[in-house]
Every structure is written in structure tokens, then in C-alpha cells.
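# Working through the structure, step by step
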There are 2 protein chains.
Amino acid sequence: MRNKVEGTLLIIGGAEDKTGKCEILSRFVKLSGAGSSIIIIITTAAEEPDRVGQEYRRIFNKLGAGHIEVLNIDSRRRANHSYMGRLLEKATGIFFTGGDQLRITSVLGGTVTNEGLRSAYLRGTVIAGTSAGASVMSSTMIVEGDSDHAPNLNSIKLAPGLGLLEEVVIDQHFAQRGRIGRLLSAVAHNPYILGMGIDEDTAVLVHPDARLEVIGSQTVTFLDGRQIIFTNISELSPDQALAIENIVLHIIPRGFGFDLAARRPIPRSAGRIETEEGEKNEDS
Amino acid sequence: MRNKVEGTLLIIGGAEDKTGKCEILSRFVKLSGAGSSIIIIITTAAEEPDRVGQEYRRIFNKLGAGHIEVLNIDSRRRANHSYMGRLLEKATGIFFTGGDQLRITSVLGGTVTNEGLRSAYLRGTVIAGTSAGASVMSSTMIVEGDSDHAPNLNSIKLAPGLGLLEEVVIDQHFAQRGRIGRLLSAVAHNPYILGMGIDEDTAVLVHPDARLEVIGSQTVTFLDGRQIIFTNISELSPDQALAIENIVLHIIPRGFGFDLAARRPIPRSAGRIETEEGEKNEDS
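Conventions and cut-offs
Residues numbered from 1 in each chain as written. Chains lettered and ligands numbered in written order. Predicted model: local features only at pLDDT ≥ 70, side-chain atom pairs only at ≥ 80, totals over all residues. Heavy atoms only, no water. Helix = DSSP H or I, 4+ residues; strand = E, 2+ residues; numbered from the N terminus. Buried < 20%, exposed > 50% of the residue type's maximum accessible area, 1.4 Å probe, protein only. Contact = heavy atoms within 4.5 Å. Buried area = accessible area lost by both parts, 1.4 Å probe. Salt bridge = Lys/Arg side-chain N within 4 Å of Asp/Glu carboxyl O. Pairing = 2+ DSSP bridges. Least-squares fit on C-alpha atoms with pLDDT ≥ 70 in both. Axes fitted to C-alpha atoms, helices over the stretch in contact; angles between N-to-C directions. Parallel < 35°, antiparallel > 145°, perpendicular 65-115°, else oblique. Left-handed = near helix turned anticlockwise from the far one by under 90°. Nonpolar A, V, L, I, M, F, W, Y, C, P; charged D, E, K, R; others polar. Polar contact = N/O pair within 3.5 Å; in protein donor to acceptor, adjacent residues only side chain to side chain. Phe/Tyr/Trp six-rings, centres within 6.5 Å; stacked < 30°, edge-to-face > 60°. pLDDT = per-residue confidence, 0-100. Expected span 1.5 Å × (residues − 1). Arc of directions from axis to C-beta.

### Quick notes on the overall build of chain A
Counting secondary structure elements, chain A contains 8 helices and 18 strands. Across the 284 residues in chain A, those meeting the buried criterion constitute 60%. Contacts spanning at least 24 positions in sequence make up 72% of the contacts within chain A whose residues lie at least 6 apart.

### Here's the deal with the interface of chain B and chain A
Counting from both sides, the interface comprises 31 residues of chain B and, opposite them, 31 residues of chain A. Of the roughly 2,500 Å² buried at the junction of chain B and chain A (both faces included), carbon and sulfur atoms supply 61%. Remark: the boundary between chain B and chain A carries 0 salt bridges. Residue assignment for the side of chain B that touches chain A shows that the elements contributing at least two residues are helix 8 (180-189) and strand 14 (244-253) of chain B. Ranked by the residues each element gives to the side of chain B that touches chain A, the list is headed by strand 14 of chain B, at 9 residues. Of the strand pairs in this sheet, strand 14 (residues 244-253) of chain A and strand 14 of chain B are connected by 5 bridges, and their pairing is antiparallel.

### A word on the relation of the copies chain B and chain A
Both copies of the chain are tied together by a single rotation about an axis and a shift running along it. Aligned on chain A, chain B shows an RMSD of 0.0 Å; the corresponding rotation is 180° and the shift along the axis is 0.0 Å. Taken together, the turn and the small shift mark the pair as related by a two-fold rotation axis. Of all interface residues in chain B, 100% are interface residues in chain A too; the two copies therefore contact each other through one and the same surface.

### Here we look at the pattern of salt bridges
Counting across every chain of the model gives 18 salt bridges over all chains. Close ionic contact of Asp224(A) with Arg263(A) constitutes a salt bridge, the shortest N to O distance being 3.1 Å. Note that Asp224(A) is positioned in strand 12 (residues 219-224) and Arg263(A) in the loop between strand 15 (257-259) and strand 16 (264-266), a separation of 39 residues in sequence. One exposure class covers both Asp224(A) and Arg263(A), and it is buried. The salt bridge partner of Glu55(B) is Arg51(B), with a shortest N-O separation of 3.9 Å. Of this pair, Glu55(B) and Arg51(B) both sit in helix 2 (residues 49-62), 4 residues apart, roughly one helical turn. Here Arg51(B) falls in the partly exposed class, since its relative accessible area comes to 48%. Salt bridges sharing common partners tie together Glu48(A), Arg51(A) and Glu55(A).

### Comments concerning the packing of helix 4 (residues 82-90) of chain B against helix 6 (residues 112-123) of chain B
Residues and elements named next belong to chain B. The contact between helix 4 and helix 6 brings their axes to 8 Å, and the two run at 15°. By the angle class used here, helix 4 and helix 6 are roughly parallel. Read as a crossing pair, helix 4 and helix 6 show a hand that is right-handed. Seen from helix 4, the contacting residues are Ser-82, Met-84, Gly-85, Leu-88, Glu-89 and Lys-90; seen from helix 6, they are Val-112, Thr-113, Gly-116, Leu-117, Ala-120 and Arg-123. When its residues are assigned to classes, the contact of helix 4 with helix 6 shows 5 nonpolar, 4 polar and 3 charged.

### As for the sheet that holds strand 2 (residues 38-42) of chain B
Residue and element names in this part refer to chain B. Strands sit in the order 3-2-4-5-1-10-11-15-16 across an open sheet of 9 strands; the sheet is mixed. In this open sheet, the two strands that pair with only one neighbour each are strand 3 (67-71) and strand 16 (264-266). The mean angle between the axes of side-by-side strands here comes to 20°, regardless of whether they run parallel or antiparallel. Of the strand pairs in this sheet, strand 1 (residues 9-12) and strand 10 (residues 202-206) are connected by 4 bridges, and their pairing is antiparallel. Residue Ile-12 lies in a different strand from strand 10, and its bridge partner there is Ala-203. On the sheet, helix 2 packs against strand 2, strand 3, strand 4 (93-96) and strand 5 (126-130) and is oriented at approximately 170° with respect to strand 3. Those strands touched by helix 6 are strand 1, strand 4 and strand 5, and its axis lies near 130° from that of strand 4.

### Observations regarding helix 5 (residues 101-108) of chain B
Residue and element names in this part refer to chain B. Restricting attention to buried positions, one finds in helix 5 the residues Gln-101, Ile-104, Thr-105, Val-107 and Leu-108. Where helix 5 is buried, its residues meet helix 3 (76-79), strand 4, helix 6, helix 7 (132-135), strand 6 (140-144) and strand 7 (157-160). Where helix 5 begins, one side-chain oxygen reaches toward the backbone nitrogen of Leu-102, 2.9 Å away; that side chain belongs to Asp-100.

### Notes on the pairing of strand 4 of chain B
Remember that side chains alternate between the two faces of the sheet whenever the strand is regular. Residues and elements named next belong to chain B. Burial along strand 4 is two-sided: Gly-93 and Phe-95 facing one way and Ile-94 and Phe-96 facing the other are all buried. Here strand 4 runs beside strand 5; their pairing, made up of 4 bridges, is parallel. Its bridge partner being in strand 5, Phe-95 is matched across the sheet by Ala-128.

### So, the side chain of Thr221(B)
By the element assignment, Thr221(B) lies in strand 12 (residues 219-224). Not counting chain neighbours up to four residues away, the residues in contact with Thr221(B) comprise Phe174(B), Gly195(B), Met196(B), Gly197(B), Leu249(B), His250(B) and Ile251(B).

### Here we look at the packing of aromatic side chains
Here a ring pair, both rings aromatic, is described through the centre-centre distance and the interplanar angle of the planes. All names here are of chain A. According to the stated counting rule, one finds 14 aromatic pairs over all chains in the structure shown. Judged by centre distance (5.3 Å) and plane angle (50°), the ring pair of Phe-28 and Phe-60 falls under tilted. On the criterion of sequence distance, the pair formed by Phe-28 in helix 1 (residues 23-31) and Phe-60 in helix 2 (residues 49-62) is long-range, its members being 32 residues apart. Across the pair, exposure class does not vary: Phe-28 and Phe-60 are buried alike. Ring geometry for Tyr-56 against Phe-95: centres 4.7 Å apart, planes inclined by 45°, an arrangement best described as tilted. Separated by 39 residues along the polypeptide, Tyr-56 in helix 2 and Phe-95 in strand 4 (residues 93-96) bring together distant segments of the chain. When its relative accessible area of 4% is taken as the criterion, Tyr-56 is described as buried.

### Focus: the confidence of the model for chain A
Overall, the prediction assigns chain A a mean pLDDT of 90, with 89% of residues at 70 or greater. Model confidence for the complex: the whole-complex pTM is 0.85, and ipTM, which rates the interface, is 0.79.

### Digging into the side chain of His207(B)
Residues and elements named next belong to chain B. As for its placement among the helices and strands, His-207 is situated in the loop between strand 10 and strand 11 (211-216). With relative accessibility at 7%, the residue His-207 sits in the buried group. Polar contacts involving the side chain of His-207 include one to the side chain of Glu-213, which spans 2.8 Å.

### Overview of helix 2 of chain A
All names here are of chain A. Spanning 14 residues, helix 2 covers 20 Å between terminal C-alpha atoms, matching the ideal 20 Å at 1.5 Å per step. When helix 2 is considered as a whole, its buried residues turn out to be Pro-49, Val-52, Gly-53, Tyr-56, Ile-59 and Phe-60. One face of helix 2 carries all of its buried residues, which in axial projection span an arc of 130°. Relative to its buried face, helix 2 has exposed residues pointing more than 90 degrees away, namely Asp-50 and Lys-62. Looking at the buried side of helix 2, the elements it contacts are helix 1, strand 2 (38-42), strand 3 (67-71), strand 4 and strand 5 (126-130). Positioned one or two residues after helix 2, Gly-64 has a phi angle of 95°, which is positive.

In C-alpha cells, the structure reads:
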């Protein structure tokens, strides 16, 4: 499997702590350069972009960010403005708020902003997203789907995402909204894709070497379908229940990691895993 | 692995259809002998035993049952009455309603009724249970646990069940109440135990050869922990999140089966699997 990652991504399962230690958001500010950071908040997904944008501006400020810019790109016309490209060129951190993931891709897809985002990513700018902003990171994303049901074909709609992380499909608010059924269904569509279900107040920090670490208070569920022996997904009528034989599941909490290339969990003591004290253990 | 099953069990994930085709309850009545059946309803788990008992009596009647008896065994004194033993001796089907599983085991455990139940089971009487009545079937049962959370030690309390099905832990209302976290946690306690999460309006019919078939409208999730490479469960403080590396998951809908001895799904065409028309395909 080739190396699927080219920059640094912080993918957040939604409802991250905004009032306490802010472990995840504070990590984003630090990674972006803290006092010398230039952070751009993209509120395209949000229903109330002004309120959400100001909330994150206030938090990033409190956490010691340098310069902060809120971009409410609400139309493809705005997304194609050359100003956007120039802004993103200077960014050291880009943050996608939650909301509706289809807003992000339908407004930004193929625009100057999208190009600027991709260049920034390749240049090493940290790209972060929470909730809907997390879902859009992968090549294929879950647009909507039933929770709390047995998985079936009706349980998800898929769409092309921003494609910053390949061969993965991401779901968020994972345990809290009982979404394993729809992620199982997504993986059964093409078992080559790795399912990544991120709980609330939890994030994966993906490094350019395709290793990720889990931070935050809950867990990340990985569904690896490569060993699937049988699935009936191609023969189902829309409301029939899905059959899957032999999918491998990993549950990974804070302090552990995951190697996306090898598709293996990384134990606490190995690799570039941050301890709770914020210390780094370099590769042993 | 030895054969863990000695009779016929119908284990229902709760909220089974009671007004439409009643696929599951009607299967129970047929297995019990239909017009010549003697069915005993045990309402010990229920908060409103009279209402629940009368509801099932009415349904089993409508589905063509022969003789029906509702037993509200609400104390260990009653459970030890020799009358209970004599009643259970004649039963061809015994049905446990939902409610609180700890009521069932704390009232019946070690009594004449418990003995009578076990004898009936070994004699071939069909033992059915829904919701709490499903949970009590196994040697170890889940008493309570958080749903919709990342699995941790706090997420379950376990207790000894009635022990009719060994080496399995059962959960019910599974997808509908987002209970995979607590079942993962149960399996991590001892990966030798097979986790069986039954959705609402879905049941497993366990045959004496340790093969089961899935009936009803949703699915059954099997968690096989024998391949677990690592779990941190023994080192956790109560609120820390659980890590599990490499657990195998199967999703099995109606028409498919599962071989408990081999721990393998049985495809639709093989084994003693009932088709939707109620036809039987004998072992091929």
C-alpha cells in the first residue's frame, strides 16, 4: 500500500472540549505555530457561520493563536475569488467547522479555494476539521445515514470528499450517535477502504508518514474490511439487512496510534505518540 | 471447543413484532407444538407482570397455541414451590418476558423453578426469552451498562445468568440502543466469550447441534475476541477508554446462520436455515 498522506491532518469527531483544557483545539493552535500562527477558520458547513466563526476565533485567541481570519465562503463565486488563494497561501493552520459536509464540497469543490487548500496541505499547513469538517477529509465521505439501525443499503449516502486522506472513510459523533451500522455499510461497499469512526471530543492527528495518534477523551473505532469473506451488499434490495462475514475491528483510545499504511494499531510506548503530559516519545 | 448447547433456545432482541406477521413469536408457538403446545409465560422480569403476561397470552392464543399458563413468580418462596416443578415438567415451550434481568436470576437462581427449567431444557422444551429474558440465557450476562459511549470499565456490570448457553454473552436492543461499546467491553474481559448482539425484532434460534439461525427483520452482530492481540482492560481506571486490537465482527441477517462451535457464519444455502417462505433446507 502506498503512502496515502502528504501533510498533517487533525480530524475531530465533533463536540470537542471548548471550555476546559481544550486538549484538541489547543493541540491545533500549537501545531499551527502558536503565537506566530496564521489560522483560517472556514465556516462554509455551518448554519450560523457568524456565531460559529466568532466562537472559534475567541477560543483560538484564548489558546494563544497569532493571527486569526474567519472565512464565510458561502458561494462558489466567493470560493473562486483570487483573494482566497492569497489568504490560504499564508495560512499555517486551516480549521473547518461542523455543519453540513455537502455544503463544503458543493461550494468549494474545484474552486480556487479548493486548490489553495490542497497547496497549503502539501506545503505542511495543518488542516483540521470537526464533525462535518472531519467527514470531508477523505476521498469518499458519508453524507447522511441512519443511526441506530441494522446496516442496510438505505443506511448511507456517499459522496466524493476533499480527498486529503485517501483509502479511508471517516465518521464522527461515532459512539454517541450509534453510527457503527452506517460505517460498516460504507466499508462493505469496498472493503479496501478503511473505516474510521471518531467519537466526540476525540481526534486523530495524521502525520505525513501515515501514522496517526489518537487524542481526546474517547476512542476511535477502525473497521478493516480486507479480510471480509462474504458480504451480500451487491444483492440487497434497499431495505434488506446487510450481511458481513469477518471484518476486523480495533478500538483505539488516547495515547495509542494507528499505522494507516500497515493498518495496525501502534501501542502506547512505540512511535510518535504524545503522553498525557504532552511529552513526546520519539520512535524507539 | 465442546458442544455448548443441549436443547433449543429462541433468544429475542426485544421489541419483536406483535401485531403484523409475528414471525418470531409464531415460530415459537410452532416449535412448541402449535395446537398441542403447553406454553408457560414467566413474567418475573416485568414491572407490570399482569399486563405483560396477558398480552403474550393473547398473542400466543391468536397464533394457535394449545394450553397457556402465565406464571408471575415474584418471590423465591414462590419459585421454590413444588407446584412450579410439576408445571414446568409438562411444558413444551417456556417464554421469559422482558424487564429486569437481575430480577429473573435473583428470584429464580437455585430454586425449584430453576431446576425445572433446566430439566425442561434438557428434555427438549423450547426456551424463549425477549430482551431481559434473552440476556439471562448465557452463563454470564450483562446487567446494565452505558450505551452511546466509548467502551470503558464503567460501561458494564456483569452477573451470572441462567447458563443455558455457555461461552456466550448476549446483548439485546443492540443497534437500536447503540450497545456495541458495552458488548466489546464484555468480550474484552475474557476474549474466549463470544459476544452476540441481537437487534430488535430479531432472534437467534439455537439448535442442539450448536448451530443457530437468525430470524426477524434486523441483524445479529457477533464479536469474536479470540484473535485479540492486545487490550488494556486489566490496567484501566474506571473512566479510561478501552483499547482493543483485532476483534473479529460478523453481521448476520435473517436467512443466514452461525455455527457456535466453529464460530463461523453459515451462508444462506447451507445448513438448517429457514427461507422466507418457511421452507427448510436440510443440511446439504
